[in-house]
Amino acid sequence: MTRKVTSRSVVETQSPDYLETFARLDPESAYFAVNGNQIITFWSDGAETLLGYGAEEVLGKHCSQAIRCVTCSKGCGLKEYTNVSKLNLSHYRKDGSEILVQKSASAFFGNEQGFQGGIEVLKPLERPEPPLERSRSLVDFHGILTADAQFLNMLTGLRHVAHTGVNVLIRGESGTGKELVAKALHAMSPRARRAFVPINCGTLSREFLQSELFGHRRGAFTGAISDKKGLLAEADHGTLFLDEVAELPFEVQAMLLRVVQDQRYRSLGDSRDRSTDVRFISATHVSLRQAVKEKRFREDLMFRLRVVPLFLPPLRDRKIDIPLLWQHFLLKSCQRHGLPQPSSPPDLIRLLTTYPWPGNVRELINVAEMIAITCPGKVVTPQHLPPEFRESPAAPAATDQAFLPEPSSVARPEPCPPPIESWMPRSPDRPAIEAALRACEGNTSQAAKMLGISRATLWRKRKKWGLV
Ligand SMILES: Nc1ncnc2c1ncn2[C@@H]1O[C@H](COP(=O)(O)OP(=O)(O)OP(=O)(O)O)[C@@H](O)[C@H]1O
């Protein structure tokens, strides 16, 4: 039998972009391609969803070994027939279940060479079980939880900064995790075995701050009844965390500049200098540059302290994290108090994500704790939240039925799927993928989960960018 010769077999190419485009236009169906040796060369996201096999499991494998269809067992339908059009058949999924699909396929043949490959499309005639790994999940980076690829990229980049030992200035609103990041830097640094010593520069008077930082000798001032070691001595070979550094009184800034420059200082009432080897990590919620402009902060000290400046984004700019952190901390609070977890319907989650969270993660933790205690086992409604949630510009009126739970769901709490799809960036870029892979130590499933894309898509992007 003479077969039609195709000008170019699409299955020869490693990554047929237009096939990917077709597949994207029809995401519910499985699209895959094989070459003349029946090796799978393309595997769509829809194929992963429908059949349950990840791209990394099937690409490069013989189709009869990688996937199981009913027609395969009777000989390769694709190889025997040029075209298969809308054939209803049962296909096995990875978990052994069967799914009814409508198969369309086209094979390519060369005059001399015979079978050159083919493309197959399987349209589901019934709904497959939803894949478990479509939603993102939190990654724990030294206690900092996030699913935001950009934030995680910044965090993973800190490993290098931690090792260099340079001074770091962290800027971010209150509750964004500045102290957590400072602790992570310390934990990843060669100083990890020595002390991490925090001090809040905004809450102490000048005299007290001087005595706390530098220590004093007995009799240095009224009330100095004994020698006191300062925090600079405590943090020797470790890290001193200067929280709210912009609040440092001017006199103390001058004393601190000497330590930062020369690693030397003098305790109050002492007649000799001491040396110390301290790494400074500072945090501020205001601009230190602005404080310099306003002559409230020494410029020379600012430059010494902000060798590496970091900015922590507010929670409202990491919307992907809000539902995940909410569920995480709600569960934690319930476990701590031995209470049944309340359910958070999608409308509530939507309200939480439109709220600006001025207190950031700290505020979220507190609200979750309050809800855990006041609504055990219930369906949470906006009325359960503190009043500011209903006052936020994006919040619906209290009478908006859309934000009230279904009457049936009040009686029977149901698990709340986080409705996060709409905030997912459609296509993570190479740095985001590299960061996710680094954070998940190369585990494709976890990285895909974090990026909110399927393993098939991640696998294709890895191959495209040589990240395999
Ligand atoms: N990404 C995060 N994952 C988990 N917990 C977080 C995260 N960010 C902040 N937290 C928690 O929120 C609380 C506040 O964090 P932290 O004290 O580090 O913030 P901060 O920016 O230093 O705040 P402030 O400026 O008010 O001192 C802590 O309980 C911390 O554990």
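Per an unreviewed UniProt entry, the protein goes by the name Sigma 54-interacting transcriptional regulator and belongs to Sulfidibacter corallicola.

**Student:** When you look at the state of the cysteines in this model, what are you seeing that I'm missing?
**Tutor:** Scanning the entire structure with this criterion turns up 0 disulfides. Of the cysteine sulfurs around C375, a residue in no disulfide, the closest is that of C334, at 9.6 Å.

**Student:** In this structure, what is going on with the packing of helix α13 (residues 321–337) against helix α15 (residues 360–374)? I would like to understand it.
**Tutor:** In helix packing, the relevant descriptors are the interaxial angle and the interaxial distance, both defined with respect to the helix axes. Running from N to C, α13 and α15 cross one another at 45 degrees; their axes reach a closest spacing of 8 Å. With respect to α15, the axis of α13 lies oblique. Along this stretch, α13 crosses α15, giving a crossing that reads as right-handed. Across the interface between the two elements, I322, L325, W326, F329, L330, S333, C334, R336 and H337 of α13 pack against V361, L364, I365, V367, A368, E369, I371, A372 and I373 of α15.

**Student:** Help me understand the layout of surface pockets, please; the structure alone is not making it clear to me.
**Tutor:** Its boundaries defined by the atoms lining it, the second largest pocket holds a volume of some 520 Å³. In terms of lining residues, the second largest pocket is bounded by 23 residues, among which G175, T176, G177, K178 and L180 are the most central. Of all the secondary-structure elements, those providing two or more residues to the lining of the second largest pocket are β7 (144–146), α7 (178–188), β10 (239–243), α13 and α15. The element that contributes the greatest number of residues to the lining of the second largest pocket is α7, accounting for 4 residues. Partitioned by chemical class, the residues of the lining of the second largest pocket number 9 nonpolar, 7 polar and 7 charged.

**Student:** Even after reading the chapter, I still don't get the side chain of S189, so can you show me in this structure?
**Tutor:** Topologically, S189 is positioned in the loop between α7 and β9 (196–200). The class for S189 is buried, based on a relative accessible area of 7%. At a separation of 2.8 Å, a polar atom in the side chain of S189 contacts the main-chain carbonyl oxygen of H186. When residues no more than four places from it in sequence are discounted, the contact partners of S189 are A162 and R279.

**Student:** Would you mind going over the packing of aromatic side chains with me for this structure?
**Tutor:** Aromatic ring pairs: the centre-centre distance and the angle between the two ring planes describe each pair. What the rule picks out here adds up to 6 aromatic pairs. Here Y355 and W357 contribute two aromatic rings whose centre-to-centre distance is 4.9 Å and whose plane-to-plane angle is 85 degrees, an arrangement assigned as edge-to-face. Like Y355, the residue W357 is buried in the burial classification. Given the relative accessible area of 4%, Y355 is considered buried. Taken together, Y355, W357 and F389 form an aromatic cluster joined through their ring pairs. The lysine or arginine in question, R318, covers the ring of F151, its NZ or CZ lying 4.3 Å from the ring centre.

**Student:** Looking at this structure, I do not really get the sheet that holds strand β14 (residues 308–311). What am I missing?
**Tutor:** On the basis of which strands lie adjacent, the open sheet formed by 5 strands has the order β9-β10-β13-β8-β14 and parallel pairing. Each having just a single partner strand, β9 and β14 make up the two edges of the open sheet. Across the sheet, the mean angle separating the axes of adjacent strands is 20 degrees when strand polarity is ignored. Here strand β8 (residues 168–171) pairs with strand β13 (residues 279–284) via 4 bridges, running parallel. Bridging from a neighbouring strand, I170 pairs with A283 of β13.

Reading guide: rules and limits
Residues numbered from 1 in each chain as written. Predicted model: local features only at pLDDT ≥ 70, side-chain atom pairs only at ≥ 80, totals over all residues. Heavy atoms only, no water. Disulfide = S-S within 2.5 Å. Axes fitted to C-alpha atoms, helices over the stretch in contact; angles between N-to-C directions. Helix = DSSP H or I, 4+ residues; strand = E, 2+ residues; numbered from the N terminus. Parallel < 35°, antiparallel > 145°, perpendicular 65-115°, else oblique. Left-handed = near helix turned anticlockwise from the far one by under 90°. Contact = heavy atoms within 4.5 Å. 1 Å grid on protein atoms, 1.4 Å probe; cavity = no way out; pocket = protein on both sides within 12 Å on 5 of 7 lines; lining within 4 Å. Points joined across faces, edges and corners; volume = space filled by probe spheres on them. Nonpolar A, V, L, I, M, F, W, Y, C, P; charged D, E, K, R; others polar. Buried < 20%, exposed > 50% of the residue type's maximum accessible area, 1.4 Å probe, protein only. Polar contact = N/O pair within 3.5 Å; in protein donor to acceptor, adjacent residues only side chain to side chain. Phe/Tyr/Trp six-rings, centres within 6.5 Å; stacked < 30°, edge-to-face > 60°. Lys NZ or Arg CZ within 6 Å of the ring centre and 35° of its normal. Pairing = 2+ DSSP bridges.

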